[in-house]
Amino acid sequence: MPRRRRCRAAEAALAVLLLAVGTACGSRLPESDFEHRERAGPAQDAGPIRVGIVTSATSPVGGDAFTGPRDGAKAYFERLNARGGVDGRRVEVRECDDGGSGVGNNTCVHQLLDEDKVVALVATTALDYAGASRVSHARVPDIGGQPIGAAYDTWPHLYGIYGSLAPRDGTTGWGGKQYGGTEVYRYFKREHGARTAAVVSYNQAASAAYARLVEQGLRAEGYQVVTEQVDFALPNFRAVAADLKEQGVDLVFDAVDSHGNAQLCEAMDRAGVEVTAKVTNVQNWTSTVPDDYRDAPRCRNALWATGSSRNFQDTGNAAVRAFRDATKGLRTHSQWQLEGWAAAMWFTDAARSCAKQGITRACVDAYMNRSQGWTADGLLVPVRFERLSEPPEHRETCLSVARWKDGRGWVTQGDMNDTCFDVPQLSYQQ
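Residues numbered from 1 in each chain as written. Predicted model: local features only at pLDDT ≥ 70, side-chain atom pairs only at ≥ 80, totals over all residues. Heavy atoms only, no water.

### Observations regarding the overall build of the protein chain
When helices and strands are tallied, the protein chain shows 13 helices and 15 strands. Counting only residues that meet the buried cut, the protein chain has 60% of its 430 residues in that class. Carbon and sulfur atoms make up 44% of the accessible area of the protein chain, which amounts to about 16,600 Å² in all. (Helix = DSSP H or I, 4+ residues; strand = E, 2+ residues; numbered from the N terminus. Buried < 20%, exposed > 50% of the residue type's maximum accessible area, 1.4 Å probe, protein only. Areas by Shrake-Rupley, 256 points an atom, 1.4 Å probe, with all protein chains shown as cover.)

Written as structure tokens, this is what we have:
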């Protein structure tokens, strides 16, 4: 089987991390260091199954930036408990807000692992996952977390929502480098004939670094690349828009924050810029587009999102429909909520497999290690965990694509399991 796959400074850095085409960093520890620890974790009885959810809910990025996975996971567990739980045992969720800081994250990890004695963490969404090494040392499975940083390509017992091919032996990726493919750029080139792409960034280190990564991928796919950089404190998006029009770009990628994206779109509309796609990412794949881009109708209707999970508006799919039915009470919907729902489903499958022998940390972790090709009932592109000794030079990667249309919302563009490309894997460092 082929392998598939509002503080401005903080939010700009977040965009850099989330948009990385592949996937905090700790000292190297050989796997043998983990082998002689107690495997079973806390003893289990007939009471509730306790899981933990760490979320940077009050981070400098803003109150709603990280809560989607948490809300999706909680909705899944609420429905599960209403239907009898796992083998008659309800799942008890213990939440912890780490405030978006490394200190807060370590505090949350200590509370959940050592005091609350959770069996697993689920749908972790942390701006600074400083406690990742501690989770790994304790052999607590962390299931379906969002790879905002490099932790899920660094540590054993951590299972990111998109999988990993890295050794995960305490060193990030392969020798400190992570790898990602060019499938997004290949898609727009093959399906829409795009040839010229612009990359917009701030003159800020994280933003500029991510922009260089995007430029590298675009050039590898044969694009003519237009680079645009604006001042972080006083961005002149009007000048950028004018140049985009003059250059006749087909695609616009960015390494700027949500507020900057809205300003860029407004400037593009005022300048009469028409593009094939203004490409965004899974974090911005939300139902709030009409409000976020209310002053940029042309650019709004050129928004495209790409990811590795099925469009949350694709209610023709039974698994998506189950998610939407269970989350009707939420004020907004997002792709991150759906992925949090999938993470909770993943834990539940693991717990059910362990019900007869005991739902322990070790048993759940063993199930996760066997999770090859897991799809969350078709919500995810098949997820794989393989500890490859060398990074792949090429990889077949499948892509979920949707575009925004006023009156219809996010419209799926082809089936994600068929939108696949064998693309080169390029190295990068966070």
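### Focus: the packing of helix α7 (residues 237-247) against helix α8 (residues 258-271)
Where α7 contacts α8, the two axes come as close as 8 Å, and the packing angle between them is 50°. With respect to α8, the axis of α7 lies oblique. Pair α7 / α8 crosses with right-handed handedness. Along the contact surface, α7 presents Phe 237, Arg 238, Val 240, Ala 241, Ala 242, Leu 244 and Lys 245, while α8 presents Gly 260, Gln 263, Leu 264, Ala 267, Met 268 and Ala 271. Residue composition of the contact of α7 with α8, grouped by class: nine nonpolar, two polar and two charged. (Axes fitted to C-alpha atoms, helices over the stretch in contact; angles between N-to-C directions. Parallel < 35°, antiparallel > 145°, perpendicular 65-115°, else oblique. Left-handed = near helix turned anticlockwise from the far one by under 90°. Contact = heavy atoms within 4.5 Å. Nonpolar A, V, L, I, M, F, W, Y, C, P; charged D, E, K, R; others polar.)

### Digging into the sheet that holds strand β4 (residues 142-145)
Pairing between the strands of a sheet comes from backbone hydrogen bonds, and it takes one of two forms, parallel or antiparallel. Across the sheet, five strands lie side by side as β2-β1-β3-β4-β5; this open sheet has parallel pairing. Taken across any chain shown, the strands that pair with only one partner, and hence form the sheet edges, are β2 (91-97) and β5 (158-160). Taken pair by pair, the neighbouring strands of this sheet meet at an average axis angle of 25°, ignoring direction. Pairing between strand β3 (residues 120-122) and β4: two bridges, direction parallel. Counted as the bridge partner of Val 122 is Ile 143 from β4. Here helix α2 (residues 67-82) sits on the sheet and contacts β1 (49-55), β2 and β3; the angle it forms with β2, its principal contact strand, is near 165°. Those strands touched by helix α12 (residues 335-354) are β1, β3, β4 and β5, and its axis lies near 155° from that of β4. (Pairing = 2+ DSSP bridges.)

### Quick look at the sheet that holds strand β7 (residues 196-202)
Spatially, seven strands are ordered β8-β7-β9-β10-β11-β13-β14 in an open sheet, and the strand pairing comes out mixed. The two strands at the open ends of the sheet, each matched to only one other strand, are β8 (224-230) and β14 (409-412). Each strand of the sheet is rotated relative to its neighbour by a mean of 30°, with strand direction disregarded. Bridge analysis of β7 against β8 gives seven bridges, and the strand direction is parallel. Residue pairing in the sheet places Ala 198 in a bridge with Val 226 of β8. Across the face of the sheet, helix α5 (residues 183-192) comes into contact with β9 (251-255), β10 (277-280), β11 (303-307) and β13 (400-405) while running at roughly 130° to β11. Sheet contacts for α7: β7, β8 and β9; angle to β8, the most-contacted strand, approximately 165°.

### A short note on the state of the cysteines
With the rule as written, the count across this model stands at four disulfides. The partner cysteine of Cys 265 in its disulfide is Cys 299, sulfur to sulfur 1.9 Å. Here Cys 265 and Cys 299 share a disulfide; its torsion about the S-S bond, -40°, makes the bridge left-handed. You can see Cys 265 sitting in helix α8 and its partner Cys 299 sitting in helix α10 (residues 297-300), a full 34 residues away along the chain. The partner cysteine of Cys 398 in its disulfide is Cys 420, sulfur to sulfur 2.0 Å. In this structure the cystine formed by Cys 398 and Cys 420 twists about its S-S bond by roughly 95°; its chirality is therefore right-handed. Placement of Cys 398 in strand β12 (residues 394-398) and of Cys 420 in strand β15 (residues 420-428) is noted, with a sequence separation of 22 residues between them. (Disulfide = S-S within 2.5 Å.)

### Thoughts on the pattern of salt bridges
Across all of its chains, the model carries 17 salt bridges by this definition. Between Asp 71 and Arg 70 there is a salt bridge; the shortest N-O distance is 2.9 Å. The class for Asp 71 is buried, based on a relative accessible area of 18%. (Salt bridge = Lys/Arg side-chain N within 4 Å of Asp/Glu carboxyl O.)

### Quick notes on the confidence of the model for the protein chain
A residue-level look at the protein chain finds 89% of positions with pLDDT of 70 or above and a mean pLDDT of 90. The least confident element of the protein chain, judged by mean pLDDT, is helix α1 (residues 8-19) at 43; the most confident is β3 at 99. In this model, residues 1-44 is a region of pLDDT below 50 whose contacts with residues beyond four sequence positions or in other chains number 130 contacts. (pLDDT = per-residue confidence, 0-100.)

### Quick notes on the packing of aromatic side chains
Within the structure shown, the criterion is met by 18 aromatic pairs. Between the aromatic rings of Phe 66 and Trp 336, the centroid separation amounts to 6.4 Å while the plane-to-plane angle is 40°, which identifies the pairing as tilted. Here Phe 66, found in the loop between β1 and α2, pairs with Trp 336, found in helix α12; they are 270 residues apart in sequence, far enough to count as distant. The same class applies to Phe 66 as to Trp 336, namely buried. Taken together, a centroid distance of 6.2 Å and an interplanar angle of 80° make the contact between Tyr 76 and Phe 77 edge-to-face. Take Tyr 76 and Phe 77: they sit in the same class, and that class is buried. Members of the aromatic cluster, joined through ring pairs, are Tyr 76, Phe 77, Phe 323, Trp 341 and Phe 347. (Phe/Tyr/Trp six-rings, centres within 6.5 Å; stacked < 30°, edge-to-face > 60°.)

### A word on the environment of Ala 233
Positionally, Ala 233 belongs in the loop between β8 and α7. Its relative accessible area of 59% is what places Ala 233 among the exposed residues.

### What to know about the nonpolar core
One finds Phe 77, Val 122, Met 268, Trp 346, Phe 347 and Trp 410 to be the most contacted residues of the largest nonpolar core, which totals 79 residues. Of the residues forming this core, the biggest block, 12 residues, is contributed by α12. Once residues lying within four places of it in the same chain are set aside, the contact partners of Trp 346 are Ile 143, Gly 144, Gly 160, Ile 161, Tyr 367, Met 368, Ser 371, Trp 374, Val 383 and Phe 385. Counting 25 residues, the second largest nonpolar core, distinct from the first, contains Val 184, Ala 211, Val 279 and Phe 421. (Core = buried A, V, L, I, M, F, W, Y, C linked by side-chain atoms within 4.5 Å.)

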